[in-house]
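If you want the building blocks of each chain, they are given just below.
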Amino acid sequence: MSQSVKSVVILGAGAWGTALAKLAAINGNQVHLWSRQGSQSLVSVLENAHIVLSAISMQGVRDVASVVQSSPVSPETIFVTATKGLEPKTTYTPSQIWQEIFPNHPVVVLSGPNLSQEIVRELPAATVVASKNINAAQSVQLVFSSSRFRVYTNPDPVGVELGGTLKNVIAIAAGVCDGLNLGTNAKAALVTRGLTEIVRIGKNLGAKTETFYGLSGLGDLLATCNSPLSRNYQLGYQLAHGKTLKEILASLPGTAEGVNTCRVLMEIAQQRSIAIPISEQVYQLLEGEVTPQQALDQLMLRDIKPEFDDFPKEQMW
Ligand SMILES: NC(=O)c1ccc[n+]([C@@H]2O[C@H](COP(=O)([O-])OP(=O)(O)OC[C@H]3O[C@@H](n4cnc5c(N)ncnc54)[C@H](OP(=O)(O)O)[C@@H]3O)[C@@H](O)[C@H]2O)c1
Ligand SMILES: O=P(O)(O)OC[C@H](O)CO
């Protein structure tokens, strides 16, 4: 893989921003890792940046993007977003925020089964870079691809971004499932039906169904629902052990985006009349309206129904 050296600015020196900075540096790129707590001004690092990647947690994305907007950036700069969340006020995905603020720049989504602690240890992993601008996606692919990190391109940014974002809600449920010791059958049912919910929402928001069966959908869902390294999984696991959300958030290392995502997701589902029963129980659990056991009972005692929403009637019996 040969390419010219790129100037890459990573916004957000949290767990994911730091891991991505390491990956870009391995390929000989000139990398600036920016944090609001650091000494470098945003203006100074943005000068001549080919790629600006945001690994800011959802709550800070619009503020940081607005500050970037007031700084001089080259018209060629590609924006990459690696945040997995939804904006409460607008229900926008992070890439929609970046595209709204930078309408004339390519925006690329980077998302996949990427637990940062494994990537920092240089364990092998794969991810997806998705954009309507395929040249931009390919440039980003070259910057991050290495013998330890395999990067695929994809033309469905909304699907890639929603897969990574919505799985966090199901990962909370998976943590609850393991915390309650419900067994492997229950976990398989939960993850599979969770994927059905993600596909329903994603299709309604304009994503391609097949994207959710790829790395950024099913791949990330499997990684996050099965790893104690996931903050969202950990949060669910601890809820099942009787801790309150407040107690868990006070000691959790880093951001568990699933909590806010779940609230925004419920709003989207209600506005569009989309059934997402697992996510709804996660919501009620996070709001303290049900216990983990009550959430389980509510799911198991729902009306019986066909497995698929759109199977032709003559094929059901
Ligand atoms: N960790 C992973 O394995 C992983 C993998 C893939 C995707 N992601 C996604 O990447 C995003 C970041 O995750 P993370 O694990 O890196 O979280 P994190 O360790 O909590 O770091 C969050 C970063 O966002 C910054 N930030 C938050 N609000 C800000 C604001 N208003 N202005 C400026 N900076 C702000 C934080 O700055 P301060 O330190 O100054 O607060 C920090 O650098 C999340 O959306 C997550 O879902 C994470
Ligand atoms: O630690 P989590 O739950 O934010 O998950 C990290 C990544 O999204 C896994 O791909």
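The model shown is predicted, which means the values in this text are computed figures rather than measured ones. (Residues numbered from 1 in each chain as written. Chains lettered and ligands numbered in written order. Predicted model: local features only at pLDDT ≥ 70, side-chain atom pairs only at ≥ 80, totals over all residues. Heavy atoms only, no water.)

A. Representation of the overall build of the protein chain in the model. A tally of regular secondary structure across the protein chain gives 14 helices and 7 strands. Taking the principal axes of the C-alpha coordinates as reference, the protein chain spans close to 60 × 50 × 40 Å. A buried classification covers 51% of the 317 residues belonging to the protein chain. Total accessible area computed for the protein chain in this model is approximately 15,200 Å², and 52% of it derives from carbon and sulfur atoms. Averaged over its 24 positive side-chain charges, the protein chain has a centre that lies 4 Å from the centre of its 25 negative ones. (Helix = DSSP H or I, 4+ residues; strand = E, 2+ residues; numbered from the N terminus. Buried < 20%, exposed > 50% of the residue type's maximum accessible area, 1.4 Å probe, protein only. Areas by Shrake-Rupley, 256 points an atom, 1.4 Å probe, with all protein chains shown as cover. Lys, Arg positive; Asp, Glu negative; His and termini not counted. Charge placed at Lys NZ, Arg CZ, Asp CG, Glu CD.)

B. Seen up close, the packing of helix α8 (residues 184–204) against helix α9 (residues 215–225). Contact geometry for α8 and α9: axes closest at 11 Å, N-to-C directions at 140 degrees. Classified by the angle between their axes, α8 and α9 sit oblique to one another. Handedness of the α8/α9 crossing: right-handed. Contacts from Lys187, Val191, Leu195 and Ile198 of α8 reach α9 at Leu218, Leu221, Leu222 and Cys225. Its residues assigned to classes, the contact of α8 with α9 comprises 7 nonpolar, no polar and 1 charged. (Axes fitted to C-alpha atoms, helices over the stretch in contact; angles between N-to-C directions. Parallel < 35°, antiparallel > 145°, perpendicular 65-115°, else oblique. Left-handed = near helix turned anticlockwise from the far one by under 90°. Contact = heavy atoms within 4.5 Å. Nonpolar A, V, L, I, M, F, W, Y, C, P; charged D, E, K, R; others polar.)

C. Spatial organisation of the site of ligand 1. By nearness alone, 22 residues border ligand 1, and Arg36, Gln37, Ser116, Thr255 and Glu257 come closest of all. Arg231 is positioned such that a nitrogen or oxygen atom in its side chain is 2.9 Å from an oxygen atom of ligand 1. Coverage of ligand 1 by the protein amounts to 84% of the 890 Å² it exposes when considered alone. When atoms are counted within 2 Å of each cavity's grid points, the one that captures over half of ligand 1 is the largest pocket. In terms of residue class, the shell around ligand 1 is made up of 8 nonpolar, 10 polar and 4 charged. (Near = heavy atom within 4 Å. Polar contact = N/O pair within 3.5 Å; in protein donor to acceptor, adjacent residues only side chain to side chain. 1 Å grid on protein atoms, 1.4 Å probe; cavity = no way out; pocket = protein on both sides within 12 Å on 5 of 7 lines; lining within 4 Å. Sits in = over half its atoms within 2 Å of the grid points.)

D. Examining empty space enclosed by the protein more closely. If you walk through the whole model with that rule in mind, you get 1 cavity of 30 Å³ or more. Reported here for the largest cavity is a volume of approximately 40 Å³. Mapped by element, the contributors of at least two residues to the lining of the largest cavity are α7 (157–179) and α8. When grouped by side-chain class, the residues that make up the lining of the largest cavity number 7 nonpolar, 1 polar and 1 charged. (Points joined across faces, edges and corners; volume = space filled by probe spheres on them.)

E. Highlighting the site of ligand 2. Near ligand 2, the surroundings consist of Lys84, Gly112, Pro113, Asn114, Leu115, Lys167, Asp220, Thr224, Leu229, Ser230, Arg231 and Asn232. Lys84 is positioned such that a nitrogen or oxygen atom in its side chain is 2.9 Å from an oxygen atom of ligand 2. The separation between an oxygen atom of ligand 2 and a polar main-chain atom of Asn114 is 3.0 Å. For the shell around ligand 2, the secondary-structure elements that each account for two or more residues are α9 and α10 (231–240). Residues that form the shell around ligand 2 fall into these classes: 3 nonpolar, 5 polar and 4 charged.

F. Up close: helix α1 (residues 15–26). Compared with the 16 Å implied by 1.5 Å per residue over 12 residues, the 17 Å span of α1 between its first and last C-alpha is a close match. Along α1, the residues that are buried comprise Trp16, Gly17, Ala19, Leu20, Ala21, Leu23 and Ala24. Directly after α1, the chain includes Gly28, whose backbone phi takes a positive value near 80 degrees. (Expected span 1.5 Å × (residues − 1).)

G. Structural view of helix α3 (residues 58–69). Look at α3: 17 Å from first C-alpha to last across 12 residues, which is about the 16 Å you get at 1.5 Å a residue. All of the buried residues in α3 are Met58, Gly60, Val61, Val64, Ala65 and Val68. All buried residues of α3 project into a common sector of 135 degrees when viewed along the axis, lining one side. Of the exposed residues in α3, those oriented more than 90 degrees away from the buried face are Gln59 and Asp63. Contact partners of the buried residues in α3: β1 (7–11), β2 (30–34), α2 (42–46), β4 (78–81) and α4 (94–101). (Arc of directions from axis to C-beta.)

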